[in-house]
Amino acid sequence: MGAPRGPRFGRSFLQVEHLEDRTTPSYNPANPALTLDQQIAAGDVAADRIIVVANAGATLTAAPFVSGIRALGNNMYSVRLNAGTNVGGALAYYGAVSGVAWAEPDQILRAAVVPNDPSYGSMYGPAKIGAEAAWNITTGSPNFVVGVIDTGVDYTHPDLAANMWRNPGEIPGNGTDDDGNGYVDDVYGWDFYDDDNDPMDEDEHGTHVAGTIGAVGNNNLGVTGINWNVKIMALRFLGPGGGSTSGAIGAINYSVAMGVKVTNNSWGGYGYSQALARSIAYAQSAGQIFVVAAGNDGIDNDVAPAVPANYSTTFNNVITVAATDDSDELADFSQYGAHTVTLAAPGVGILSTTPGGTYGLLDGTSMATPHVTGAIALYWSANPTLSYTQVINKLKTSVDKLSNLTGKVSTGGRLNVAKMFNLTDIPPIVVDAPAGTEIVRVLGTGGETKLALDPYRGFLGGVVAAAGDLNGDGVADVVTAATLGGHVKVFDGATGQELRSFFGFAGYKGPINLAIGDMNGDGVGDIIIAANLNGHVKVFDGATGALTFSSFVYQGYRGSIAVSVADTDGDGNNDLVTAADGGAGVHVKAFAPGTLSAHDSFLATGPGSWSNFSISAADLDLDGVAELLVSQGPRVRVIDSRTKAARADFLAFDPLSKDRITVQAARYTGDPSAELVVIRETQGRSQVRVFDGPNYTLEDSFFADVR
């Protein structure tokens, strides 16, 4: 056993956005630390109890000055003191007891208020974060449980009752701990403020948070949560006078013990607690995601030691959330931090459930946090085999990048759950027009033709095409290029109407390769074109058409070039990816966004006997980093963009085929990940083969013109 530790304490003023209209309690985190007695006198530390953490296997016994000991789980205890007991003395006593890891004051968590703005009268949050698009995939699952650690939840609210968690192992009202978890009749959760089995909200805060996560959807009543179907576990630890750190610890440990995968924590402050950190570490070890509000003091968390918000830099399961308004501006009250705050979400004028079957508009990072919690629940319930780190990677790399959030949150963006489902990133299958034909096809789910375009009537030299959202409407638009002459056209993906037309390379008469992808982080695709005879690559802004990049990426090379766009290093930003084949194999380069300076260069294949090749990229395994898809004739390789190791290497068609064969990552089944699609042009027709799953099994094979 290690040496016993003495008492640890510091000034604490943890906050939760309260809802009623009252004055925000003042606190200056720059004030010098007060003595323990001063903290007790100020009401910042409990005078009648302490927190004791025991070593594994040790049994905690009561001292003569102790009136009771309550287990909090994870070898942690709330020790209640007799009236008049000196708290410092109790800390010193237990700090020296054999088997005790440490003892610390039980800090008080207080409420902070953000005034409501009554001019907000609508629910803009779900549409702003892309929930409406995600609901085409899933509206949630009644088997997914979210813990709301807060002021409790009105579990009788008509818009919440059907989505409240009920303990399947407990028989209500029989006075027995049926499931043996240490809590009697914990039907809806537990009240750690009053230490009883009724976590009813006696405030408003927790009910409002719960409604954003999971108010019942499509029931012709009130509002809709990010999850129409979910289960909300009510864990109350805040009351009219605030709440204790020990109560928060008990709620966290209870949620872990009951198998909850994500908790919402719309509270915070500035006083470090080693015991609270231990509980969050316990949640991390169980694979639980801990979503927490950044705070409402409008300050930089990189400078102020916000807790538990700043645990995002210590534990990789912690997501810290800032608040934005309906114009994507950072709320003036929202705390921020380039290193400590993860992302932003709507938190101004949020309409949600309030106790007694009512509804209300509230502001705060507390209101932003359940948008993120709800998005995680929606995505994770649809992808239950993913680990918590995979879910967090997807969350972080799916934000809408906003210039005003650069330097304010670590991802530089605002939540977008539609991107988590790849709904805005995965294009449909696009089939080029082979030589001798004119029609470019866009295929929907199952390979059915959704759009047929004849961009160059009478031209039979072959047309290449790519798809991606160029105007931010959520629909993939189509860009085409005549293979001889470089004439580029842009078509609206919904109507097929031609939007604009230009020549990518003045005077150039050779073949063209192209791709669409968001290169500048504005949320819409940009157009990338390559001149196949001289290695010249250009990037045009998808929204304005302005030229943003022009370079000869393979100096002296005079062969074909393929282009794609993807995040190849997991930094949340798309890279320009190019490929060429000078005889030694397919040579891949990656160029960083912004400067578009080359940061990677390697041979993706060895020499081959096939003259044609192509490249595409997509995050097929949803780990936040794209895989590279390279075709070399009928041979296809799936390459880890970080390690360069081949995850798959197979023949998609006959090895003797000399036909033009291309690979793309595209949507075919409608699930959250892209499928690997290989297309062969043979005798004027396009044969499509779809490969899916971890082993890239052939899922379908058909000719594009028959569906």
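Reading the values: the criteria
- Residues numbered from 1 in each chain as written.
- Predicted model: local features only at pLDDT ≥ 70, side-chain atom pairs only at ≥ 80, totals over all residues.
- Heavy atoms only, no water.
- Buried < 20%, exposed > 50% of the residue type's maximum accessible area, 1.4 Å probe, protein only.
- Helix = DSSP H or I, 4+ residues; strand = E, 2+ residues; numbered from the N terminus.
- Pairing = 2+ DSSP bridges.
- Axes fitted to C-alpha atoms, helices over the stretch in contact; angles between N-to-C directions.
- Domains from an automatic or database assignment.
- Contact = heavy atoms within 4.5 Å.
- Buried area = accessible area lost by both parts, 1.4 Å probe.
- Salt bridge = Lys/Arg side-chain N within 4 Å of Asp/Glu carboxyl O.
- Polar contact = N/O pair within 3.5 Å; in protein donor to acceptor, adjacent residues only side chain to side chain.
- UniProt positions renumbered as here; feature names shortened; annotations may be inferred.
- Left-handed = near helix turned anticlockwise from the far one by under 90°.
- Nonpolar A, V, L, I, M, F, W, Y, C, P; charged D, E, K, R; others polar.

(A) Quick look at the pairing of strand β15 (residues 350-354). Across the 5 residues of β15, 4 count as buried, placing the element largely inside the fold. Sheet topology places β15 next to strand β16 (residues 358-362); 5 bridges connect them, and they run antiparallel. Opposite Ile350, over in β16, you have Leu362 as the bridge partner. A loop of 3 residues connects β15 with β16, the two strands running antiparallel in sequence, and Gly356 in this loop sits at a positive phi of about 80°.

(B) Just the sheet that holds strand β41 (residues 697-703), in detail. With antiparallel pairing, the 4 strands of this open sheet are ordered in space as β38-β39-β40-β41. Bordering the open sheet on either side are β38 (660-666) and β41, each of which pairs with just one other strand. Strand-to-strand, the axes of this sheet are offset by a mean angle of 20°, without reference to chain direction. Of the pairings in the sheet, the one linking strand β40 (residues 685-692) to β41 comprises 6 bridges and is antiparallel in character. Across the sheet, the residue bridging to Phe691 is Leu698, located in β41.

(C) Fine view of the domain arrangement of the protein. The domain boundaries assigned to the protein delineate domain 1 (36-107), domain 2 (120-421) and domain 3 (510-705). One C-alpha centre belongs to domain 1, the other to domain 2; they are set 29 Å apart. The interface of domain 1 with domain 2 comprises 16 residues on the first partner and 18 residues on the second. Taken together, both faces of the contact between domain 1 and domain 2 bury some 1,400 Å²; the carbon and sulfur share is 48%. Considering only the surface of domain 1 that becomes buried against domain 2, Arg70, Asn74 and Gln107 emerge as the three largest contributors, covering 40% of it. The interface formed by domain 1 and domain 2 includes 1 salt bridge. Here Asp195 and Arg70 are joined by a salt bridge, their closest N and O atoms 3.7 Å apart. Connecting domain 1 to domain 2 are 10 residue pairs in polar contact (both at pLDDT 80 or more).

(D) Spotlight on the UniProt feature "active site" (unreviewed entry) in the protein. Mapped onto the present numbering, the UniProt feature "active site" (unreviewed entry) falls at Asp150, His205 and Ser366. These residues run over 217 residues, yet every pair of their C-alpha atoms falls within 10.1 Å of each other. Tracing the backbone shows His205 in helix α5 (residues 205-214). Topologically, Ser366 is positioned in helix α8 (residues 365-382). Overall, Ser366 belongs to the buried group, its relative accessible area being 0%.

(E) Region of interest: the sheet that holds strand β22 (residues 463-468). Strand order across the open sheet formed by 4 strands is β22-β23-β24-β25, with antiparallel pairing between neighbours. Whereas interior strands pair on both sides, the edge strands pair on one side only; in this sheet they are β22 and β25 (498-503). Across the sheet, the axes of successive neighbouring strands diverge by a mean angle of 20°, strand direction being ignored. The pairing of β22 with strand β23 (residues 477-482) spans 6 bridges and is antiparallel. Following the sheet pairing, Ala466 is matched in β23 by Val479.

(F) Structural detail: the packing of α5 against α8. Interaxial distance between α5 and α8 falls to 8 Å at its minimum, and their mutual angle equals 35°. For the pair α5 and α8, the crossing hand works out as right-handed. Seen from α5, the contacting residues are His205, His208, Val209, Thr212 and Ile213; seen from α8, they are Ser366, Met367, Pro370, His371, Thr373 and Gly374. Considering only residue class, the contact of α5 with α8 consists of 4 nonpolar, 7 polar and no charged.

(G) Representation of the UniProt feature "domain: Peptidase S8/S53" (unreviewed entry) in the protein. Residues annotated in UniProt with the feature "domain: Peptidase S8/S53" (unreviewed entry) correspond here to residues 143-402. Helix makes up 24% of residues 143-402 and strand makes up 20%, while its end C-alpha atoms are separated by 34 Å.

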